[in-house]
Amino acid sequence: MYELKLAWRNLANRPVQTWVTLTVVALAVALAVTVIHLNEGLQRGIIRASDPFGVLVVGAQGSSQQLVLSTLLLQGLPVGNIDGHIFEELRDDPRVALAVPMAMGDNIGGARIVGTDEHFFDLRSSQQAAPAFQLAEGRIFAADFEAVLGSRAAVGLGLRIGDQFRPAHGVEPGLEGDEHAEVHTVVGILQPSGTPFDNAVLTTVNSVIAMHAEALAAPDASTTTDHAAGNDHAAADLVSAAETVSAAETVSAAETVSAAETVSAAETVSAAETVSAAETVSAAEAAHADDHAGDDSHAHASAGQVTAVLVAPVGFIEANQLWRDFYTGAEAQAVFPGRELGGLFDLLNQGQEILILVGYLAAVMAALTLFLAIYSATESRQHLLAILRGVGARRRTVMLVVLVETVLVAMLGALVGRLLGYGAAAAIAGEISRRSAIPVAIGWLPQVEPALWLLPLALGVLAGLLPAWQAYRVNVVEKLFPS
Amino acid sequence: MDVVLQQLRHTYAAPGLEARTVLMIDEWQATSGAQILLRGISGSGKTTLLNILAGLLPPTTGLVRCGGQSLYALPEDERDRLRATTIGYIFQMHHLAPTLSALENVEMPLVFGRKLNAGARRARAYELLDSVGLRDFHRHRPLQLSTGQRLRVAVARALAAQPALVLADEPTAALDAESSHAVMDLLQESCRRTGATLIVASHDPALATRFDRVVDLRNGALHEAETL
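Every value quoted in this text rests on a predicted model; they were computed, and no experiment measured them. (Residues numbered from 1 in each chain as written. Chains lettered and ligands numbered in written order. Predicted model: local features only at pLDDT ≥ 70, side-chain atom pairs only at ≥ 80, totals over all residues. Heavy atoms only, no water.)

**Structural notes on the interface of chain A and chain B**
Think of interface size as the accessible area that goes away when the parts come together; that is how it is often given.
Right, so step 1: With 23 residues of chain A at the interface, the matching set in chain B holds 27 residues.
Right, so step 2: Summed over the shared surface of chain A and chain B, the result is six salt bridges.
Right, so step 3: Between E104(B) and R9(A) there is a salt bridge whose closest N-O contact spans 2.5 Å.
Right, so step 4: Our enumeration of links across chain A and chain B arrives at 11 residue pairs in polar contact (both at pLDDT 80 or more).
Right, so step 5: Among the secondary structure elements, those contributing two or more residues to the side of chain A that touches chain B are α1 (2-13), α16 (382-390), α17 (395-436) and α19 (476-480) of chain A.
Right, so step 6: Here the residues of the side of chain A that touches chain B are counted per class, giving 11 nonpolar, six polar and six charged. (Contact = heavy atoms within 4.5 Å. Salt bridge = Lys/Arg side-chain N within 4 Å of Asp/Glu carboxyl O. Polar contact = N/O pair within 3.5 Å; in protein donor to acceptor, adjacent residues only side chain to side chain. Helix = DSSP H or I, 4+ residues; strand = E, 2+ residues; numbered from the N terminus. Nonpolar A, V, L, I, M, F, W, Y, C, P; charged D, E, K, R; others polar.)

**So, the pattern of salt bridges**
Right, so step 1: Under the counting rule described, the total for this entry stands at 25 salt bridges over all chains.
Right, so step 2: Across the salt bridge formed by R14(A) and E405(A), the nearest N and O atoms sit 2.3 Å from each other. Here E405(A) lies in helix α17 and R14(A) lies in the loop between α1 and α2 (15-50), a separation of 391 residues in the sequence.
Right, so step 3: When the shortest N-O distance is used, the salt bridge between R39(B) and D216(B) registers 2.8 Å. Here R39(B) is found in strand β3 (residues 35-39), whereas its partner D216(B) is found in strand β9 (residues 213-218), with 177 residues between them in sequence.
Right, so step 4: Given the relative accessible area of 24%, R39(B) is considered partly exposed.
Right, so step 5: One connected set of salt bridges, linked through shared partners, spans R389(A), R395(A), E76(B), D80(B) and R83(B). (Buried < 20%, exposed > 50% of the residue type's maximum accessible area, 1.4 Å probe, protein only.)

**Overview of the packing of aromatic side chains**
All names here are of chain A.
Right, so step 1: Enumeration according to the criterion identifies 12 aromatic pairs over all chains in this entry.
Right, so step 2: Arranged with centres 5.6 Å apart and planes meeting at 80°, the rings of F120 and F121 form a pair that is edge-to-face. Note on accessibility: F120 and F121 belong to one class, buried.
Right, so step 3: Of note, R395 hangs over the ring of Y472, and the distance from its end group to the ring centre comes to 5.6 Å.
Right, so step 4: Stacked on the ring of W453, the Lys or Arg R418 has its end atom at 4.3 Å from the ring centre. (Phe/Tyr/Trp six-rings, centres within 6.5 Å; stacked < 30°, edge-to-face > 60°. Lys NZ or Arg CZ within 6 Å of the ring centre and 35° of its normal.)

**A look at unusual backbone geometry**
Right, so step 1: Even without glycine at this site, L74(A) takes up a positive phi of about 55°.
Right, so step 2: With respect to the secondary-structure elements, L74(A) resides in the loop between α3 (64-72) and β2 (82-83).
Right, so step 3: You can call L74(A) buried: its relative accessible area is 11%.
Right, so step 4: Phi at Q162(B) is positive, roughly 50°, even though this residue is not glycine.
Right, so step 5: Within the fold, Q162(B) resides in the loop between α5 (147-159) and β7 (165-169).

**Notes on empty space enclosed by the protein**
Residues and elements named next belong to chain B.
Right, so step 1: Inspection of every chain in the model, using the stated rule, returns four cavities of 30 Å³ or more.
Right, so step 2: If you add up the space inside the largest cavity, you get close to 100 Å³.
Right, so step 3: In this structure, the largest cavity is lined by 14 residues; those nearest its centre are R83, I87, G88, Y89 and P109.
Right, so step 4: In terms of residue class, the lining of the largest cavity is built from eight nonpolar, four polar and two charged. (1 Å grid on protein atoms, 1.4 Å probe; cavity = no way out; pocket = protein on both sides within 12 Å on 5 of 7 lines; lining within 4 Å. Points joined across faces, edges and corners; volume = space filled by probe spheres on them.)

**Structural notes on the confidence of the model for chain A**
Do not read the fine detail of predicted coordinates wherever pLDDT is low.
Right, so step 1: When pLDDT is averaged across chain A, the result is 76; 77% of the residues are at 70 or more.
Right, so step 2: In this model, residues 218-302 of chain A is a region of pLDDT below 50 whose contacts with residues beyond four sequence positions or in other chains number 140 contacts. (pLDDT = per-residue confidence, 0-100.)

**Things to note about the nonpolar core**
Right, so step 1: Residues L5(B), W28(B) and F112(B) are the most contacted members of the largest nonpolar core, which totals 68 residues.
Right, so step 2: Per-element tally for this core: the top contributor is α17(A), with seven residues.
Right, so step 3: Excluding anything up to four places from it in sequence, F112(B) contacts Y2(A), L6(A), L388(A), V391(A), G392(A), A393(A), T397(A) and A84(B). (Core = buried A, V, L, I, M, F, W, Y, C linked by side-chain atoms within 4.5 Å.)

**A few points about the side chain of T99(B)**
Right, so step 1: Positionally, T99(B) belongs in the loop between β6 (87-90) and α3 (102-113).
Right, so step 2: Once you skip the residues sitting within four places of it in the chain, T99(B) turns out to touch R9(A), N10(A), N13(A), L384(A) and R141(B).

**Structural notes on the environment of L466(A)**
Right, so step 1: Its place among the elements puts L466(A) in helix α18 (residues 449-472).
Right, so step 2: Between the alpha carbons of L466(A) and V402(A) there is a distance of 9.6 Å; along the sequence they are 64 residues apart.

This is the structure we're talking about:
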C-alpha cells in the first residue's frame, strides 16, 4: 500500500514530532491497560487466594470485610478473637464438614505466623479438588513450636527441615533482637499454593498463645508497643484471653518462657523438649497436659481463644443455617467470603471507573495532540501533497496518506502503550504479590482487546479528518507555483 | 498525442488586484510527435499554458483537446490519471518529493497510474535512472543531490510512464551548457523513440536550433517563429 509507505516516510521525516505524539497516545493507552489489567488481576488473585478456605469464616464481631481480609489474605489486623468453645461447637456440629481454627500470630522475617491444626491441610477449593496445602517435604506439625513453612517463606527465610528460629514481635519485620523466646523447629515445607499462605508459617494454636503469654508476662519496650498497646495486631487479643486468666496463669506462662529461653540458650532444643516446654504454656493448657503428648491440637486451640474458624458446611442449606445462627447471636459473626470479597471488588471497580474516566480524558488529550501534530504537519506539507497531485495522485490518495499517518501514529501508540501498560501492570502486580503474597497475575483479556484497539483507531481517524480534508482540498497550482 | 487549443482565455483575478488576462489564444495546434519550443519572457504565461495543458489549471474559457479528448470535460480524477499515465511534466523547480529517494520519485507516476506491478515499476525506474546517469544515486534523497541531478531525476520521472505528451518548463535554466545539451538530448531522443509530443518552455536562445517548431508567447497569444 503506497499510501502507507508515504505516510511512514512523512512520519519518519519529523521524528521528534512523531515520537512526542506517539508517546502521548501510548501513555493514554498504557494507563487504560494498566488499570484494567491490574484490577482484573487483583480480583482474580484474591479469588484464587481465598478459594480453598471453605464457605464460611467465623470470627469476632466487627468489620466483616476485615475478618475475611485478615484471615484469608493475611492482610491487616484481625478484628479480634472468639472463645474456643465456638470452635468446639462448630467442630462437633453435624452441619459442619470441616472446621479449622486460625490464630493469628507474629512474624518471622515478614512471614506471618498462623496457629491452626492438622485440618488446615484438608482445605480444598472443592470436594473433588486436591488439598490446597500439600507438603513438599517433611511432615505437618505434631507438637507445639513445630512449624510448617509456606514455599515462599521457606525460600525467603532460607530455612530447611530441622532448622530452628525464633519469631519476632509484631506482624511486620522488626528490629534484630526483638524476638520471642520460643524456639520453633521447621518440620515441613509446603508446595506453592498460590495463596498468601505461601508466605506464612503454620504452627499450632497453642504455640501462638504461648508466645503472647510470654509477651504479657515479660513486657519490654518492644512488646509494650506491640502487645500491651493492643493496636498492633489482633493476636494481641490473644493476650486478652490471658487477661481473663488468673495471675497464676501468667506466671505459668512466664515459666514457660524461661524454660524456652533456657533451651534456646543451650541450643539443644529438640522437638520433644519443645513439646515439653509447651506443656506448661498456661493453666488452662495444664488441664490438657496429657493431650500435648498426643496429637490433639483441637484441645489446645479450644482451651484458649482463636482468631477465626474456617467452616466448610456439609451443604448449601446448612451454610445458610449456620450463617443465620451467628447472625442472630451476639458472640461472633459468620461471613461468606464471596460476599465480602464482592463488596471489596465493588470498591475496586469504583476506583477503576474513576481511573478509566481519567483514561478517557487522557485519550481525548492524546487525540488533540495527534490532531495538532498532523494538522500542523499537513499545513507545512502542502507542497509535498501538491507534488503528489502534480504527478498524478488523486485527491483521495493524498487524503488517505494523511489519514493513514494519524491512524499509524494512533495504532503504534496503542501498541507501545499496550507494552508499557502490560509492563507497568506486571511490575505493580509483582510488587503487590511480593508485599501481600496475593498472587496477582496479569493475563490476556480478550474481552477488552477490541476496545483497546478500536478506541485508538477511532481517535486516529477522528484526529485525522480535518487534516485529511485539508489535504483533499490542496490547491496544486497555488502550492507549486506560488508566484 | 495531438494538442488543440481553441478560444483559450485565462485570467488571473485576485481580491484588490486588477484582473489580468495572460492567455488569449484563438486557435493553436500541435500534431502528434511534434517537438515544440515555447518561448517568451518571464511572466509571459508559459508556465500557465503548460499547467493548462497538464490538466492542472482549468482555463477561464476555451477548449483544450489532447488526443481528441476535451481535457477539462474529463472529471478531475481522470485528469489526475492522465498526468500519471499520458502527460509527463517536468516542473521548473523540479518538485521532487523530499521524503522519497531518487528511485521512489521516479516510480511515483507508475504507482499512481497503476500500469505496472511493483517489480516492473522498480525495474523501469532503475532503467530510467540509468539513462540519466544516476543509478548510483538511487537511494539519495533530493536534498542530497545537486540541482542538475535533481533535474535529471525529474526528467526520468516525467518519462517513466512513457507519456504521449511531455511538458518541460525551463528544463535547462539552472544547467551549464554541457548538462543542458545532455538533458535536451535525452528528452528529445526519448520522445522521438516513443512518438511523444514534446513542448518545452524556455527563454534559452540556444535551444531554438534543436526544435523544428518554435512558438513565441507574446501578449497572451502564440506566434509561430522562424526556425533555422
